[in-house]
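Close look at the chain arrangement
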Amino acid sequence: MSPPPERRFTRIASTPIWSGRIVSVTRDRFRFADGHEVEREIVHHPGAVGIVAHDQAHVLLVRQPRPAVGDPDALEIPAGKLDVAGEPPLATARRELAEEIGCAAGRWEPILDYCTSIGVLDEVVHLFHATELRDARAKAEEDERIEVVRWPLDDLGGALAATRDSKTLIGLMWLRERLRG
């Protein structure tokens, strides 16, 4: 379904403001179909994947420090940036699952793609469901401090209460509904 004509817009200018190792920021100007122009600062991120991985009894989560929000012990689903040029999200998810929790999955299913902060950030997170797990160690990044957590599937409510991370909340709520139905 197309947006109404008055909501359509065109980017008419983009000025780099700042560029870092993970994100960059631009000041962009947009013109709407009615001629009105607006300026927005946009944070650009390569995107990410998140993996809802479980066996018959446990969902596999990770604990790691997240200095950006002051949390030394954040509970999350395994995840990672789309930081390898040309690598599709599913390949990134497979690599991250092996790096973060030492597993491969025999079955993969896309859950959904979502925008993390649609008003200011262009990041898209691709969530996947991974089952039929087996050992598959891969070398983790040097600066990661990850503890693998095997959380009981019958206590997904406890895991939801123990996290503030959006990809984890979305993934665990999806899993809880999937297991109910």
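Look a little higher up for the structure.
Now for a quick tour of the structure. (Residues numbered from 1 in each chain as written. Predicted model: local features only at pLDDT ≥ 70, side-chain atom pairs only at ≥ 80, totals over all residues. Heavy atoms only, no water.)

**Side note on the overall build of the protein chain**
Counting its secondary structure elements, the protein chain contains 3 helices and 10 strands. Its C-alpha atoms put the protein chain at 55 × 40 × 30 Å along the principal axes. Buried residues in the protein chain amount to 35% of all 181 residues. Here the analysis covers contacts within the protein chain between residues at least 6 apart in sequence; of these, 56% occur between residues at least 24 apart. On the protein chain, roughly 10,700 Å² of surface is accessible, and the fraction owed to carbon and sulfur atoms is 52%. Positive and negative side-chain charges in the protein chain, numbering 24 and 30 respectively, have mean positions lying 2 Å apart. (Helix = DSSP H or I, 4+ residues; strand = E, 2+ residues; numbered from the N terminus. Buried < 20%, exposed > 50% of the residue type's maximum accessible area, 1.4 Å probe, protein only. Contact = heavy atoms within 4.5 Å. Areas by Shrake-Rupley, 256 points an atom, 1.4 Å probe, with all protein chains shown as cover. Lys, Arg positive; Asp, Glu negative; His and termini not counted. Charge placed at Lys NZ, Arg CZ, Asp CG, Glu CD.)

**Here's the deal with the pairing of strand β6 (residues 71–76)**
Two strands pair when backbone bridges link them, and strand β5 (residues 58–66) and β6 are joined in this way by 4 bridges, in the antiparallel orientation. When the bridges of β6 are listed, Arg63 appears paired with Leu75. The antiparallel pairing of β5 with β6 creates a hairpin that spans 4 residues between the two strands, and Gly70 there sits at a positive phi of about 70 degrees. (Pairing = 2+ DSSP bridges.)

**Section: the pattern of salt bridges**
Counted under the stated rule, the structure contains 17 salt bridges. Taking the shortest distance from any N to any O, the salt bridge between Arg95 and Glu99 comes out at 3.5 Å. Taken together, the positions of Arg95 and Glu99, both in helix α1 (residues 89–101) and 4 residues apart, correspond to about one turn of that helix. (Salt bridge = Lys/Arg side-chain N within 4 Å of Asp/Glu carboxyl O.)

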